[in-house]
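Residue strings, one per chain:
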Amino acid sequence: MANEAHPCPCDIGHRLEYGGMGREVQVEHIKAYLTKCPVDTGKAVIVIQDIFGWRLPNTRYMADMIAGNGYTTIVPDFFVGQEPWDPSWDRSTFSEWLKTKDARKIDREVDAVLKYLKQQCHARKIGIVGFCWGGIAVHHIMMKYPEVRAGVSVYGIVKDSEDVHSLKNPTLFIFAENDAVIPLEQVSLLTQKLKDHCRVEYQIKTFSGQTHGFVHRKREDCSPEDKPYIDEARRNLLEWLNKYV
């Protein structure tokens, strides 16, 4: 995602070579990647893409990792068939591309996915995780959908001018200290607003020395200095879901 004051897309980082354990399905007007939990736990997690789209192998890897911990996971195409951002494109065109990708105007898609999970996957408890663009979407959903029991927003941009604190259920926010597109001032503002106004459980974690995309767009064989932070963030994500979903 990009800093809205200085819009430019984040680098794709390391694109994993990963085939996936799930399958593609049709959910009303959108496609989605679905991974069933081997054991029916009645729990599901919606995983929301970054600007590189629902077919990015990294996002599917994260969905499969979550599925392996007791959840049916689904990665819907929240761009509804429109092209995701391509890192080979001219960055000066990013703002224009983003105008048709409002992460806060996805309610029709969310409604369809929730209905699918309940009716087709027999989900009784649902959580949500989103990365980058998807982190913004998670923040929106956690302020609007009380049926979503827990959310994890991973490096999603925070706007200064809007309500950011009216969360319906527990939400974990993960940020990177050296994120070029999310200034620490934005994180501090969110922290203060939640402290002053939020009435549900929340947590904000900023990972020292890390950059935008570190949780899902760095290889497992990344530098020894980075790996403990990646592992911790992924563990925190799962622990949050396990606690509240």
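Fair warning: this is a prediction, and the values are worked out from it, not measured in the lab.

Summed over all chains, the structure comprises nine salt bridges. A salt bridge links E96 to K99; the nearest nitrogen and oxygen atoms lie 3.2 Å apart. Side by side, E96 and K99 carry an identical accessibility label, which is exposed. Close ionic contact of K205 with E232 constitutes a salt bridge, the shortest N to O distance being 2.7 Å.

Turning our eyes to something else, we now look at the state of the cysteines. Under the defined criterion, the tally for this structure stands at zero disulfides. For the unlinked cysteine C37, the closest cysteine sulfur is that of C121, found at 11 Å. The class for C37 is buried, based on a relative accessible area of 14%.

Positive phi values are uncommon outside glycine, yet E28 reaches one of about 50°. Following the sequence through the fold, E28 ends up in the loop between β1 (23–27) and β2 (30–35). In this structure, H122 takes a positive phi of about 55° despite not being glycine. Examined against the element boundaries, H122 turns out to sit in the loop between α3 (107–120) and β5 (125–131).

Read across the open sheet, the eight strands follow the order β1-β2-β4-β3-β5-β6-β7-β8; overall the sheet is mixed. Each of the sheet's edge strands pairs with one partner strand only, and the pair in question is β1 and β8 (202–207). The mean angle between the axes of side-by-side strands here comes to 20°, regardless of whether they run parallel or antiparallel. Across three bridges, the pairing between strand β3 (residues 43–48) and strand β4 (residues 72–76) is parallel. Residue pairing across strands places V45 opposite T73, the latter belonging to β4. The sheet strands contacting helix α4 (residues 133–142) are β3, β5, β6 (148–154) and β7 (171–176), and the helix crosses β6 at an angle near 150°. Where helix α5 (residues 184–197) meets the sheet, its contacts fall on β7 and β8, and the angle it forms with β8 comes to roughly 160°.

The geometry of an aromatic ring pair comes down to the distance between the two centres and the angle between the two planes. Applying the stated rule across the entire model yields ten aromatic pairs. On the numbers, 5.4 Å between centres and 50° between planes, the contact of F207 with F214 is tilted. For the pair F207 and F214, a shared accessibility class is recorded, and that class is buried. With a centroid separation of 4.8 Å and an interplanar angle of 55°, the aromatic rings of W240 and Y244 are classed as tilted. Placement of both W240 and Y244 in helix α6 (residues 227–244) is noted, with a separation of four residues, approximately one turn of the helix. Looking at W240, the relative accessible area reads 8%, which means it is buried. Residue Y244 is classed as buried on the basis of its relative accessible area, which comes to 19%. A connected cluster of aromatic rings, assembled from ring pairs, spans F79, W85, W89, F94, W97 and W133.

Rules used in this analysis
- Residues numbered from 1 in each chain as written.
- Predicted model: local features only at pLDDT ≥ 70, side-chain atom pairs only at ≥ 80, totals over all residues.
- Heavy atoms only, no water.
- Salt bridge = Lys/Arg side-chain N within 4 Å of Asp/Glu carboxyl O.
- Buried < 20%, exposed > 50% of the residue type's maximum accessible area, 1.4 Å probe, protein only.
- Disulfide = S-S within 2.5 Å.
- Helix = DSSP H or I, 4+ residues; strand = E, 2+ residues; numbered from the N terminus.
- Pairing = 2+ DSSP bridges.
- Axes fitted to C-alpha atoms, helices over the stretch in contact; angles between N-to-C directions.
- Contact = heavy atoms within 4.5 Å.
- Phe/Tyr/Trp six-rings, centres within 6.5 Å; stacked < 30°, edge-to-face > 60°.

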